[in-house]
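Per-entry structural report
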Amino acid sequence: FERTQTETPETLLGSLDIFVFSLIAGLLIYWFFFRKEGFFRTSFIEKMKKTNRNVVVFYGSQTGTAEEFANRLTKDAHRYGMKGMATDPEEYDMSELSRLKEIPNSMAVFCMATYGEGGPTDNAQEFCDWMQGTDEDLEGVNFAVFGLGNKTYEHFNATGKYTDKRLAELRGKRVFDLGLGDDDSNLEEDFISWKEQFWPAVCEFFGVEATGEESSIRQFELVVHNDINMNQVYTGEMGRLKSFQTQKPPFDSKNLFLAPVTVNRKLNKGGNRHLMHIELDIMDSKIRYDAGDHVAVYPTNDAAVVNRIGERLGVDLDTVISLKNLDEESNKKHPFPCPSTYRTALTHYLDINNTPRKNVLYELSQYTSDPQEQENMRKMASASPEGKALYQSWVLDSERNILAILEDLPSLNPPIDHLCELLPRLQARYYSIASSNKVHPTSIHICAVVIEYTTKIGRVYKGVATNWLKNKEVTENGHKHTVPMYVRRSQFRLPFKPSNPVIMIGPGTGIAPFVGFIQERAWQKEQGKDVGETILYFGCRHKNEDFLYQQELEEFERAGVLTQLNVAFSRDQEHKIYVQHLLKKNKEQLWKLIHSNNAHIYVCGDARNMARDVHTAFYEIAEEVGGLTHTQAVDYFKKLVTKGRYSQDVWS
């Protein structure tokens, strides 16, 4: 730019264009050829050597459970004379795995959750891609895998199984058998059972013995800030400090958009449940979404519960603190954004509503003064049959959260900082978006049922997110409540060709994405496009109580957008009728649409029962109308899944 004074405006503009082009090209080269290949990532091998570690525990985690299990294995390692570190594979160059053999008596453990329809978690995607594409020789690399999955889903523990199989194919040495945790049953029990056999196998493999140390190991130390500028203190932000005061796109899981609530109305006309329709304003966010995507909402805990924890432990919740990792080499400096107050941590960052895991009970048991209470807590944390039964009945079946445990064990008085260290992070809640961006480009709609019921021991259980959303009422004084959120992309998509027929099955709040789909098909029709048959199967309890979006759906039917509206009212007659019964009733038409007209099938809602029953109904239709054997029918619909013509957005 030294010659700019003699340049003409035209040549100067050309120089700027070249400069900008070169800058963009350079950034792209940097990303694709260096960052993406791991050249600028920290070496976990060098880090292990520097800190004298021989066990690395990688976690593929979406909700934090796999990360929590990885931390527990890392803590366990020191009891066997080993030193470990829990590690996010996304932060390291995983092609260095073959170098692990450079460290004597070393081992890599993988806690791998399966996410969605059999895929890896977001943070494990690159590692799985690397495994698939590499021919690296892992001879001399010792490994073990524990998978986290849910048998409700078809591809149970697919990521854990693939990791175990692929590492062995690359000539890695399996130290212990693959563990398969089932969240539909008792994931933690599966993990404990696996690791109680895993560590003896490790001892035998490496020729080491347990040290016998069972004392609590603190991962973080407490720092109290007595004199700090409150502008330096987190108040609920997930990433950048003061990001809620100064909102800057793009918005994601670390940079949330505060979306104003513009509509909050009750959907059902009767019954003892509260089903709600909420609209979030995203006008100033530059957020884009497609019908079928999810909105991630970050709720806050009930202030009354937070206050009761503070009162029970006799602490000033407004004390400003940091929990600082004792391991200075760890990438995870704090368990949640710090500095913060205890009140902020318990309100925004920590899960205080769910039942605590066994390791939390064990760690807290040291703070009981009553020998019987301590014995019961340690028994519940054990793997003994008696301990399992006690934990099942006293914690799980009775749905005791941390406050209930503190209230029901009078001699239990843990330091609040250790409690904050042990509690898991409060997770985002994901809702299928109930709108189309073509029709509602500046708003995102949510359909949800408020969770509230009385537990076996007489306490009222309230779902964190749904009760929090319910209370975000729209007032006439101009004040608008906000919801911290971002959009998570989904593969749940309408066909590329609008002329393809669509068959949508979504009972209850499973109707949410289909409201968006129908809105989009209506918009496509308005644009003059050839729109295929649009068929909906919806189910609810009573026509006069919880027929969600009845008026809108009937209007779409009258307009010819919704070519068929099939509704199963399960409790309006003596025998219960569900969506799968209506599918069987229309079997000839459905088979023709699927087999001859290239129809796309979408299922949304409960995975444990509904999705399985719908699957079975389609198998039976293929057998009865299509003349297939059961094996052929199963294979037929598996191929539809592979082709993207059978999509599920289900939860258990």
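If you're wondering where the values come from, they're calculated on a predicted model, not measured in any experiment.

The calculated volume of the second largest pocket comes to roughly 560 Å³. What lines the second largest pocket is a set of 27 residues, and nearest its centre among them are Asp302, Val305, Asn353, Val460 and Lys462. Counting residues per element, the lining of the second largest pocket draws most heavily on helix α14 (residues 464–470), which supplies 4 residues. Shared between two domains, the lining of the second largest pocket takes at least three residues from each, and those domains are domain 2 (247–299 + 428–490) and domain 3 (303–426).

The next subject is the domain arrangement of the chain. Once the domains are mapped, the chain shows domain 1 (44–206), domain 2 (247–299 + 428–490), domain 3 (303–426) and domain 4 (502–650). Taking the mean C-alpha position of each, domain 1 and domain 3 sit 27 Å from one another. Between domain 1 and domain 3, the contact holds 19 residues from the first and 16 residues from the second. Summing both sides of the interface, domain 1 and domain 3 together bury roughly 1400 Å²; the carbon and sulfur share of this comes to 36%.

Here we take up the pattern of salt bridges. As enumerated under the stated definition, the model contains 39 salt bridges in all. Between arginine 400 and aspartate 408 there is a salt bridge whose closest N-O contact spans 2.8 Å. Take arginine 400: its relative accessible area is 9%, and that puts it in the buried class. A single network of salt bridges, built from pairs that share partners, joins Glu46, Lys49, Glu96, Arg99 and Glu102.

Another point: the packing of helix α19 (residues 587–595) against helix α20 (residues 607–624). Helix-helix packing: each pair is described by the crossing angle between the helix axes and the interaxial distance. With their axes 10 Å apart at the nearest point, α19 and α20 run at an angle of 90 degrees to one another. As the angle between them shows, α19 and α20 are arranged roughly perpendicular. Where α19 approaches α20, its residues Lys587, Leu590, Trp591 and Ile594 are matched on the opposing element by Phe618, Ile621, Ala622 and Glu624.

The next thing to look at is the confidence of the model for the chain. Mean pLDDT for the chain: 92, with 93% of residues reaching 70 or above. Note that pLDDT drops below 50 for residues 1–13; the model gives that stretch 5 contacts with residues more than four away or on any other chain. Counting contacts from residues 28–39, a segment whose pLDDT is below 50, to residues more than four positions away or on other chains yields 13 contacts.

Summarising the element assignment, tyrosine 602 is placed in strand β22 (residues 600–606). Under the relative-accessibility criterion, tyrosine 602 is labelled buried at 0%. Taking the C-alpha atoms as reference, tyrosine 602 lies 40 Å from glutamine 245; in sequence the two are 357 residues apart. Not counting residues within four places of it along the chain, the set of residues in contact with tyrosine 602 comprises Phe492, Arg493, Leu494, Pro495, Val502, Ile503, Met504, Ile505, Phe514, Phe517 and Ser647.

Before going further, it helps to examine the UniProt feature "domain: FAD-binding FR-type" (unreviewed entry) in the chain. Feature annotation in UniProt places "domain: FAD-binding FR-type" (unreviewed entry) on residues 254–495, given in this structure's numbering. Secondary structure over residues 254–495 splits into 29% helix and 22% strand, and the C-alpha atoms at its two ends are 32 Å apart.

Take the side chain of serine 98 next. As for its placement among the helices and strands, serine 98 is situated in the loop between β2 (84–87) and β3 (107–115). Residue classification places serine 98 among the buried residues on the basis of a relative accessible area of 10%. Leaving out residues up to four positions away in the same chain, serine 98 has contacts with Glu136, Asp137, Leu138 and Val141.

Okay, empty space enclosed by the protein next. This model, assessed by the stated rule, comprises 1 cavity of 30 Å³ or more. In this structure, the largest cavity is lined by Gly236, Met238, Phe244, Leu256, Tyr298, Pro299, His348 and Pro484. Looking at the lining of the largest cavity residue by residue, the class counts come to 6 nonpolar, 2 polar and no charged.

Reading the values: the criteria
Residues numbered from 1 in each chain as written. Predicted model: local features only at pLDDT ≥ 70, side-chain atom pairs only at ≥ 80, totals over all residues. Heavy atoms only, no water. 1 Å grid on protein atoms, 1.4 Å probe; cavity = no way out; pocket = protein on both sides within 12 Å on 5 of 7 lines; lining within 4 Å. Points joined across faces, edges and corners; volume = space filled by probe spheres on them. Helix = DSSP H or I, 4+ residues; strand = E, 2+ residues; numbered from the N terminus. Domains from an automatic or database assignment. Contact = heavy atoms within 4.5 Å. Buried area = accessible area lost by both parts, 1.4 Å probe. Salt bridge = Lys/Arg side-chain N within 4 Å of Asp/Glu carboxyl O. Buried < 20%, exposed > 50% of the residue type's maximum accessible area, 1.4 Å probe, protein only. Axes fitted to C-alpha atoms, helices over the stretch in contact; angles between N-to-C directions. Parallel < 35°, antiparallel > 145°, perpendicular 65-115°, else oblique. pLDDT = per-residue confidence, 0-100. UniProt positions renumbered as here; feature names shortened; annotations may be inferred. Nonpolar A, V, L, I, M, F, W, Y, C, P; charged D, E, K, R; others polar.

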